[in-house]
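Residues per chain, in single letters:
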Amino acid sequence: MGNLSDLSKMVEPDRVRKEVYTDAEIFEREMERIHETVWIYCGHDSQVPKAGDYCTVQIGRQPMIMVRGKDRKVNVLYNRCPHRGNLICGDRKGNTGDQFRCSYHAWTFHHDGKLKNIPMMESGYAGTRLNKDSPELCMKKAARVETYRGFVFASLSSSGPSLKEFLGESIVAFDDMCDRAPGGEVEVVPNCFRVIQHSNWKLFMENQIDALHPSVVHQSTGRAAHEVEKLLAKEAKSGEAPLSYHMLSAFATVTIDKWDNFQTINYPHGHCILTGYMGLRPQDPDTLAYDKIMIKAYGKKRFEEIVGVNIHHVLVYPGLSVQSPLQQLRAVRPLGVDRTLTEIWHFRLKGAPEAIYRRSLAYYNLVNSPATLINADDLENFWKCHTGLSSDGGDWVSFARHHGRDLEKDGVVSSAPNMGTSEAPMRNQMKAWAKFMKEAR
Amino acid sequence: MKQQHEVEQFLYRQSELLDTKQWQKWIDLFAADGIYWMPPDASYKTWDGQPAIFAEDKNLMKVRMLRVLHPDAWSQRPLWETNHVVSNVVIRKVAKNGDIEVASRFHMMELRRDDVRHFAGSYFHRLKKTKNGYAIKLQRVDMANAQAAYDYVLQVWV
Ligand code: FES
Ligand SMILES: [Fe+2]
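Residues numbered from 1 in each chain as written. Chains lettered and ligands numbered in written order. Predicted model: local features only at pLDDT ≥ 70, side-chain atom pairs only at ≥ 80, totals over all residues. Heavy atoms only, no water.

Asks: Give me the sheet that holds strand 12 (residues 151–155) of chain A: which residues, what numbers.
Replies: Residues and elements named next belong to chain A. A sheet is described by the order of its strands in space; here three strands give the open sequence 3-12-11, paired in antiparallel fashion. A strand with exactly one partner marks an edge of an open sheet, and here the two such strands are strand 3 (40–44) and strand 11 (144–148). For this sheet, the mean inter-axis angle between neighbouring strands, taken without regard to orientation, is 30°. Across five bridges, the pairing between strand 11 and strand 12 is antiparallel. Looking at strand 12, one finds that valine 145 is bridged to alanine 154. Its contacts with the sheet put helix 5 (residues 172–179) on strand 11 and strand 12, and the angle it makes with strand 12 is roughly 165°. (Pairing = 2+ DSSP bridges. Helix = DSSP H or I, 4+ residues; strand = E, 2+ residues; numbered from the N terminus. Axes fitted to C-alpha atoms, helices over the stretch in contact; angles between N-to-C directions. Contact = heavy atoms within 4.5 Å.)

Dropping the structure here:
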């Protein structure tokens, strides 16, 4: 079917056509109008501490390089040589020294993409349309780059809202993460877990704030962890098992009905906050030591505000899922209509005790590593969902749960009390999606 | 010679237990304080306090085992088989008390639904001499694929 001309008919307030997930043409269009237009997370400042440090990152379909210049500025460039198109960087990260050097014909470039040298330029180019100052001899830059509290974003479109305007209320993801450090800063733990799922990227974004799924999908791990947790609690002097077991067992003990107590708050551009504190305020000695340092840094009042922030997940549409109380995030890199890569990072709260880092590290390893005890079953569902959606067994995806009951104020849509499992976040994402897809660049 | 043979048999038995999904028996090969560790890359010196693909004591091993045995472990429903080959077994160190450090290489083929994946790399075992054989104090698994993007995930130990 001519899907592109029918886009307006694809999204209804409470349901969406299956082609939105499975059609290759629609995928190309959403890469162009969403991922290659809006602000996309590239990486954290601390991934490239020294001049010449770089890492490669995919924005939509575009291979990009994030690189630290000698002027300390972080640049985001297309990973493409202006000569004949060769990739400039062939690996995921490294240090390029004081220049980029193309591996094909040895053109060199400054960290901001400006041409440095072409071998035998004088004799080779005298009298041609090109000279040392021709812009087409430079590596192309991302149209816009902005950083918020160390988190670097790029937009490949020169127009549109600023990063702060775009993030809106979802900016709390970065504030919540950084504020929990006594020094107000985080630094990256230098490891990225990368996992590929066989499904459209939107299934991941919807799942991250889908309060209806955890107790169903993660029952097996929740139960297993609960068994061992009980044994360990019995053996422990404190009568409590390590917190990591609780994080896992909660997937089973927080049963499906209890998830209605949580709330989703949905913002323009598709962003969403899932509330629900992650149980990170126990009264063990580690936490108390941390509290003390925090109170010293911020004062009692501000400290209470910071650790009282009620967040489970923040979804920054279209490609970032942040678990700020645990200092971790997953960046979504669509590889194709039915393949999606997630890059999973953990951050260290600067100035916080080692024990606090280890606590969130346990979650990073157990939940977010490639040997995950949790995501294995999500990925299984993503593949099954995508495969089912590719069939002729139905035309629609339903997002009707609690439709019409959400609370709306000034463009912000919240799930109503005791309706945390409302499919409001999916409806909100698709509303934003439809708007993005209509707007020509 | 005898020791080499014993150690080889031990490693072969361990991989056989994985391929035949005898999880509890596999866990039983570890000492009470034994650790199974797969670092994200070869440069890591310790499992403690660092990102790890696996860093499991026997309690966490038990969680993993109970999970895969749970009837609602959805991802365990489809056909799923593995086949390990272990080789290049070299005893690196023998302590006076009989404890041993041994290096080996493995190749694992995994079938999940209709998809085949290959994982390969090296094992490092620190083994404690026991009454009737060995117990694993530490098993370090350095996968050649460790840094690659994972097409799907690892559900049990490699
Ligand atoms: S393609 Fe880069 S120098 Fe020729
Ligand atoms: Fe999940």
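From this point, things continue past the structure.
Asks: Would you mind going over the domain arrangement of chain A in detail, with residue names and values included?
Replies: Residue and element names in this part refer to chain A. By the assigned domains, chain A splits into domain 1 (40–148) and domain 2 (168–211 + 262–438). Taken together, the eleven residues of domain 1 in the interface contact 15 residues of domain 2. On the domain 1 side of the interface with domain 2, the three residues burying the most area are Tyr41, Arg92 and Tyr148, jointly 49% of the side's total. Seen at the junction of domain 1 and domain 2, the total is zero salt bridges. In this assembly, domain 1 and domain 2 are joined by four residue pairs in polar contact (both at pLDDT 80 or more). Of all elements in the fold, only strand 3 and strand 4 (53–59) reach the threshold of two or more residues within the side of domain 1 that touches domain 2. Broken down by element, the side of domain 1 that touches domain 2 gets its largest block of residues, four residues, from strand 3. The residue inventory of the side of domain 1 that touches domain 2, partitioned by class, reads five nonpolar, five polar and one charged. (Domains from an automatic or database assignment. Buried area = accessible area lost by both parts, 1.4 Å probe. Salt bridge = Lys/Arg side-chain N within 4 Å of Asp/Glu carboxyl O. Polar contact = N/O pair within 3.5 Å; in protein donor to acceptor, adjacent residues only side chain to side chain. Nonpolar A, V, L, I, M, F, W, Y, C, P; charged D, E, K, R; others polar.)

Asks: A description of the pattern of salt bridges should follow, citing residues and the corresponding values.
Replies: All told, the structure shown has 37 salt bridges over all chains when counted by the stated rule. The shortest N-O distance in the salt bridge between Asp179(A) and Arg149(A) comes to 2.8 Å. One end of the pair, Asp179(A), is in helix 5; the other, Arg149(A), is in the loop between strand 11 and strand 12, with 30 residues separating them in the sequence. Owing to a relative accessible area of 13%, Asp179(A) belongs among the buried residues under this scheme. Linking Arg117(B) and Glu110(B) is a salt bridge whose minimum nitrogen-to-oxygen distance equals 2.8 Å. With a relative accessible area of 4%, Glu110(B) lands in the buried category. When salt bridges that share partners are traced, they join Arg149(A), Asp175(A), Asp179(A), Lys301(A), Arg302(A) and Glu305(A) into one network. (Buried < 20%, exposed > 50% of the residue type's maximum accessible area, 1.4 Å probe, protein only.)

Asks: For the coordination of the iron ion (ligand 2), give the residues involved together with the corresponding values.
Replies: Residue and element names in this part refer to chain A. Every protein donor of the iron ion (ligand 2) is accounted for by His213 (NE2), His218 (NE2), Asp378 (OD) and Asp378 (OD), and the metal-donor separations fall at 2.1 to 2.3 Å. We note that the donor set of the iron ion (ligand 2) lies within a single chain, spaced as H-x4-H-x159-D. Placement of the pair is histidine 218 in the loop between helix 7 (214–217) and helix 8 (219–235) and aspartate 378 in helix 13 (residues 375–389), with a sequence separation of 160 residues. Here the two residues histidine 218 and aspartate 378 agree in accessibility, since each one is buried. (Donors = N, O, S within 2.8 Å, 3.2 Å for Na, K, Ca; no water.)

Asks: Describe the nonpolar core, listing the residues and the values that go with them.
Replies: Buried together is how nonpolar side chains tend to be arranged in soluble globular proteins. Among the nonpolar cores identified, the biggest contains 138 residues, and Phe151(A), Phe174(A), Trp433(A), Tyr36(B), Met143(B), Leu154(B) and Trp157(B) are the most heavily contacted of them. Examining the composition of this core, we find that six residues originate from one element, helix 14 (residues 424–438) of chain A, more than from any other. Formed jointly, this core draws a minimum of three residues from each of two domains, domain 1 (40–148) and domain 2 (168–211 + 262–438) of chain A. Setting aside anything within four residues of it in sequence, one finds Trp433(A) in contact with Leu7(A), Val11(A), Val20(A), Ile26(A), Glu30(A), Ile34(A), Trp201(A), Lys202(A) and Tyr317(A). (Core = buried A, V, L, I, M, F, W, Y, C linked by side-chain atoms within 4.5 Å.)

Asks: Quick rundown of the sheet that holds strand 8 (residues 100–101) of chain A? Include the residues and the values.
Replies: All names here are of chain A. Reading across the sheet, the three strands line up as 8-9-10 and stay open at both edges, with antiparallel pairing between neighbours. Because the sheet does not close on itself, it has two edges, and the strands there are strand 8 and strand 10 (115–117). Here strand 8 runs beside strand 9 (residues 108–109); their pairing, made up of two bridges, is antiparallel. The partner of phenylalanine 100 across the bridge, within strand 9, is phenylalanine 109.

Asks: How would you explain the interface of chain A and chain B if you had to name every residue and give the values?
Replies: Every contact between the two is made by 41 residues of chain A and, on the other side, 34 residues of chain B. In total, about 3100 Å² of surface goes out of reach between chain A and chain B, with carbon and sulfur atoms giving 59% of it. Our count for the chain A to chain B interface comes out at five salt bridges. In this structure, Arg358(A) and Asp48(B) form a salt bridge, with 2.9 Å as the shortest nitrogen-oxygen distance. Between chain A and chain B we count 21 residue pairs in polar contact (both at pLDDT 80 or more) in total.

Asks: Which residues make up the pairing of strand 4 (residues 100–112) of chain B, and what values go with them?
Replies: Each regular strand shows side chains that alternate between the opposite faces of the sheet. Residue and element names in this part refer to chain B. When strand 3 (residues 80–94) meets strand 4, the two strands line up antiparallel, connected through twelve bridges. What sits directly across from serine 87, in strand 4, is arginine 105. Remark: five residues form the turn of the hairpin made by strand 3 and strand 4, two consecutive strands paired antiparallel; glycine 98 in that turn has positive phi of roughly 95°. Where strand 4 and strand 5 (residues 115–130) come together, 13 bridges link them in antiparallel fashion. By the bridge assignment for strand 5, methionine 108 is matched with phenylalanine 119. Two successive antiparallel strands, strand 4 and strand 5, enclose a turn made up of two residues, where arginine 113 displays a positive phi of approximately 50°.

Asks: An account of the environment of Ser414(A) is requested, with residue identities and associated values reported.
Replies: Residues and elements named next belong to chain A. For serine 414, the position within the fold is in strand 23 (residues 412–414). You can call serine 414 buried: its relative accessible area is 16%. Separated by 289 residues in sequence, serine 414 and tyrosine 125 place their C-alpha atoms 62 Å apart. Setting aside residues up to four positions removed in sequence, serine 414 forms contacts with Gln263, Thr264, Ile265, Asp406 and Leu407.

Asks: Report on the environment of His118(B), specifying residues and quantitative values.
Replies: All names here are of chain B. Mapped onto the secondary structure, histidine 118 falls in strand 5. A sequence separation of 36 residues divides histidine 118 from threonine 82, and the C-alpha atoms of the two residues are 9.6 Å apart. Those residues in contact with histidine 118, other than ones at most four positions away along the chain, are His107, Met108, Met109 and Asn145. There is a polar contact of 3.0 Å between the side chain of histidine 118 and the side chain of histidine 107.

Asks: So, helix 8 of chain A: which residues are in play, and what are the values?
Replies: In a regular helix each residue adds 1.5 Å, so 17 residues correspond to 24 Å; helix 8 of chain A covers 24 Å between its end C-alpha atoms and thus fits that length. Here helix 8 of chain A has its buried residues at Gln219(A), Ser220(A), Thr221(A), Gly222(A), Ala224(A), Ala225(A), Val228(A), Glu229(A) and Leu232(A). In this structure, the buried side of helix 8 of chain A is in contact with helix 7, helix 9 (243–253) and helix 13 of chain A together with helix 3 (58–69) of chain B. (Expected span 1.5 Å × (residues − 1).)

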